[in-house]
Each structure stands twice: as structure tokens, then as C-alpha cells.
Amino acid sequence: MTTELLATLRNDNDGLEALIMEGNDKFNYRVVLRDSDADETIVVQFRHNYFECKNIALEFLLNDITHEELKGEQA
């Protein structure tokens, strides 16, 4: 079973990354918060709403997005 990646948000200045993905059988979405410099996952949170995941990602990235890639496009 594969989990589809919906969005990747990065703060390259601080070496942080957030991945918004499909959820599991109980939740619609998950957000994976990573230290990209250390190549380590810090925490995974599950939510019912995409926008909750995006808000968690923004807070984790210190509201400083240097790169945002949405499913099938680049921003």
C-alpha cells in the first residue's frame, strides 16, 4: 500500500520540511514534519482536514516557506 504525497513545503534556511500526505483508515490526511538537514522525521500527525495539516506545517516551518510543491505542480 502506498501513501500519496499531496504537498511538500520546505524552509531551506532552517533545514525543515513538511510533507502532507493521504491519511490512514481513521484520518483523511497526515503531516510529516522533518529535519531535512539531519534526514530525520521528527513527528507524524494525523488530521481529518487538509488545512489543519497545512497550518501545522506552517507553524513548524516558522511561517518561512522557501519552496512549496503541490501534487502535480510546482509553486
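Presented here is a report on the structure given in the accompanying data block. (Residues numbered from 1 in each chain as written. Predicted model: local features only at pLDDT ≥ 70, side-chain atom pairs only at ≥ 80, totals over all residues. Heavy atoms only, no water.)

1. Digging into the packing of aromatic side chains
One pass over the structure, following the stated rule, counts three aromatic pairs. Taking the centre distance of 5.8 Å and the plane angle of 75° together, the rings of Tyr 29 and Tyr 50 count as edge-to-face. Pair noted here: Tyr 29 is in strand β3 (residues 29-35) and Tyr 50 is in helix α1 (residues 50-60), with a separation of 21 residues, a long-range link. Exposure remark for Tyr 29: the relative accessible area of 24% places this residue in the partly exposed category. With a centroid separation of 5.7 Å and 90° between ring planes, the pair formed by Tyr 50 and Phe 51 is classed as edge-to-face. Note on Phe 51: relative accessible area 59%, which makes it exposed. Members of the aromatic cluster, connected to one another through ring pairs, are Tyr 29, Tyr 50 and Phe 51. (Phe/Tyr/Trp six-rings, centres within 6.5 Å; stacked < 30°, edge-to-face > 60°. Helix = DSSP H or I, 4+ residues; strand = E, 2+ residues; numbered from the N terminus. Buried < 20%, exposed > 50% of the residue type's maximum accessible area, 1.4 Å probe, protein only.)

2. Thoughts on the nonpolar core
In this structure, Ala 7, Leu 9, Leu 16, Ala 18, Ile 20, Val 31, Leu 33, Cys 53, Ile 56, Ala 57, Phe 60 and Leu 61 together form the largest nonpolar core, which totals 12 residues. Of all the secondary-structure elements, those providing two or more residues to this core are β1 (5-11), β2 (16-22), β3 and α1. Other than its neighbours up to four places away in sequence, Phe 60 contacts Leu 16, Glu 17, Leu 33, Arg 34 and Ile 42. (Core = buried A, V, L, I, M, F, W, Y, C linked by side-chain atoms within 4.5 Å. Contact = heavy atoms within 4.5 Å.)

3. Some words on the side chain of Thr 8
Considering the arrangement of structural elements, one finds Thr 8 in strand β1. For Thr 8, the contacting residues outside a window of four places in its chain are Glu 17, Ala 18, Leu 19, His 67, Glu 68 and Glu 69.

4. Regarding the side chain of Glu 17
Within the fold, Glu 17 resides in strand β2. There is a polar contact of 3.0 Å between the side chain of Glu 17 and the side chain of Arg 10. When neighbours within four sequence positions are excluded, Glu 17 is seen to be in contact with Thr 8, Leu 9, Arg 10, Val 32, Leu 33, Arg 34, Ser 36, Phe 60 and Leu 61. (Polar contact = N/O pair within 3.5 Å; in protein donor to acceptor, adjacent residues only side chain to side chain.)

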